[in-house]
Amino acid sequence: MMTPFLACVLAIIAKDLRAEFRSRELLSVMALFALLSVLVFSFALELDREARAEAVSGVLWVTLIFASLLGLNRSLAQESDQGNLDALLLAPVSRSAIFAGKFAGNALFTGAVGLALLPLMTVLYNINMVAPGVIVTTVVGTVGLCSIGTLLATMTAQTRAREALLPIALLPVALPFLLTAVRATKGALNGAPEWQVWLQLLAGITVIYVVLCLLLYGYVVEE
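Since the model is a prediction, treat every value here as computed from it, not as a measurement.

### Notes on the nonpolar core
Counting residues in each nonpolar core, the largest one holds 62 residues, and the members touching the most others are L60, M121, M129, L170 and F177. Going through the elements one at a time, α1 (4-23), α2 (26-44), α3 (49-81), α4 (84-90), α5 (95-125), α6 (132-156), α7 (162-190) and α8 (195-222) are the ones with two or more residues in this core. The contact partners of L60, leaving out residues within four places of it in the chain, are L117, L118, M121, M129, T138 and T185.

### Quick look at the packing of aromatic side chains
Inspection of every chain in the model, using the stated rule, returns three aromatic pairs. Geometrically, the ring pair formed by W61 and F177 is edge-to-face, given 5.8 Å between the ring centres and 85° between the ring planes. With W61 in helix α3 and F177 in helix α7, this pair connects stretches of sequence that are 116 residues apart. Comparing W61 with F177 shows no difference in burial state: the two are buried.

### Describing the environment of L117
Its place among the elements puts L117 in helix α5. Between the alpha carbons of L117 and T142 there is a distance of 13 Å; along the sequence they are 25 residues apart. If sequence neighbours within four positions are ignored, L117 has contacts with A34, V38, L60 and T63.

### Here we look at empty space enclosed by the protein
Which parts of space are left empty comes out when a probe the size of a water molecule is rolled across the atoms. A complete count under the given rule lists one cavity of 30 Å³ or more for this structure. In this structure, the largest cavity encloses a volume near 30 Å³. What lines the largest cavity is simply L26, M30, S68, G71, L72, N106, F109 and T110. Broken down by class, the residue content of the lining of the largest cavity amounts to four nonpolar, four polar and no charged.

### Remarks on unusual backbone geometry
The backbone of N126 shows a phi angle near 55°, a positive value even though the residue is not glycine. When you line up the elements, N126 lands in the loop between α5 and α6.

### Quick notes on the environment of I127
If you trace the backbone, I127 turns up in the loop between α5 and α6. Along the backbone, I127 and P167 are 40 residues apart, and their C-alpha atoms lie at a distance of 30 Å. In this structure, I127 is in contact with R52, A53, V56, M121, T122 and L189, ignoring residues within four places of it in sequence.

### Side note on a nonpolar patch on the surface
A contiguous nonpolar patch, built from V207, I208, V211, L212, L215, L216 and Y219 and spanning about 700 Å² of accessible area, is present on the exposed surface. Of note, I208 is situated in helix α8. The class for I208 is partly exposed, based on a relative accessible area of 49%.

### Quick word on the side chain of N73
If you trace the backbone, N73 turns up in helix α3. N73 sits in the buried class, given a relative accessible area of 13%. With near-sequence residues (within four places) excluded, N73 lies in contact with R162, E163 and L166.

Basis of the calculations
- Numbering of residues begins from 1 in every chain and follows the order in which that chain's sequence is written.
- At least 70 in pLDDT is required for a residue's local features to be given in this predicted model, at least 80 for side-chain atom pairs to be given and counted, and no such filter applies to totals for whole chains, interfaces and linings, which use all residues.
- Heavy atoms from the whole structure form the basis of all side-chain values; hydrogens and water molecules are not counted.
- By nonpolar core we mean a set of buried residues, namely Ala, Val, Leu, Ile, Met, Phe, Trp, Tyr and Cys, connected to one another through side-chain atoms within 4.5 Å.
- We call a residue buried when its accessible area falls under 20% of the maximum for its residue type, exposed when it is over 50%, and partly exposed in between, using a 1.4 Å probe and counting protein chains only.
- Secondary structure elements follow DSSP: runs of H or I no shorter than four residues count as helices, runs of E no shorter than two count as strands, and numbering proceeds from the N terminus.
- Note on definitions: a residue-residue contact is assigned when non-hydrogen atoms from the two residues lie within 4.5 Å.
- Aromatic pairs are defined between Phe, Tyr and Trp rings, using the six-membered ring for Trp, whenever the two ring centres lie within 6.5 Å; interplanar angles under 30 degrees are classed as stacked, those over 60 as edge-to-face, and all others as tilted.
- Put simply, the grid is 1 Å and covers the protein atoms alone, a cavity is a trapped set of points that fit a 1.4 Å probe, a pocket is an open set with protein on both sides within 12 Å along at least five of seven lines, and lining residues have an atom within 4 Å of a point.
- Grid points are joined across faces, edges and corners, and a volume is the space filled by probe spheres set on the points.
- Ten residue types, Ala, Val, Leu, Ile, Met, Phe, Trp, Tyr, Cys and Pro, are classed as nonpolar, four, Asp, Glu, Lys and Arg, as charged, and the remainder, Gly among them, as polar.
- In this analysis, a patch consists of residues with relative accessible area above 30% that form no salt bridge, clustered at 9 Å for like charges and at 5 Å for the nonpolar side chains Val, Leu, Ile, Met, Phe, Trp and Tyr.
- Areas reported as accessible are Shrake-Rupley estimates using a 1.4 Å probe. Residue values count occlusion only from the protein chains shown.
- The salt bridge criterion pairs a side-chain nitrogen of Lys or Arg with a carboxyl oxygen of Asp or Glu, the two atoms within 4 Å.

This is the structure we're talking about:
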């Protein structure tokens, strides 16, 4: 039998998926931004193939972070503007369940964009971005990014300058995660033996982010 926590999480995920299926606004904006970003970086690095090979992991994660900012801002802004967030808070459900549902939906959208970028970047940069290690790193990193991103997007959704505040709040917090994700991706591409160490460190940071966000979300939405 399904627990109330799981039922709430699945209901929020289903709501977000239905809303996106009807509007097709969130994924299309994120995907278009990501496509343009990797194209711009590809053209900028065209004359220096060695620099392009060295920078490709950074290009992937910088693109993912800024694409996720667009998605997180829009996702939580819609909840706030339409009164859905207030309705969720009035419902007799755990605040952690609300966070888990929103976080899972955001991770699905961002992960879909990130995984779609890998074959595209393979063609543009002539580097095997669909290697298993890169795919695993992308999935793990996306989970960590969306966990802290969902928490901070909820904090800034009630403000007028939320489009500017979310990047200011998220980017410093995501810096350790970004450095680790880039190292793990670069190691997976080069076949370096230490890439698994970076992946484990990335997974540890992700677990810490998720646990902290689950614990802190109730205080954030109450404020």
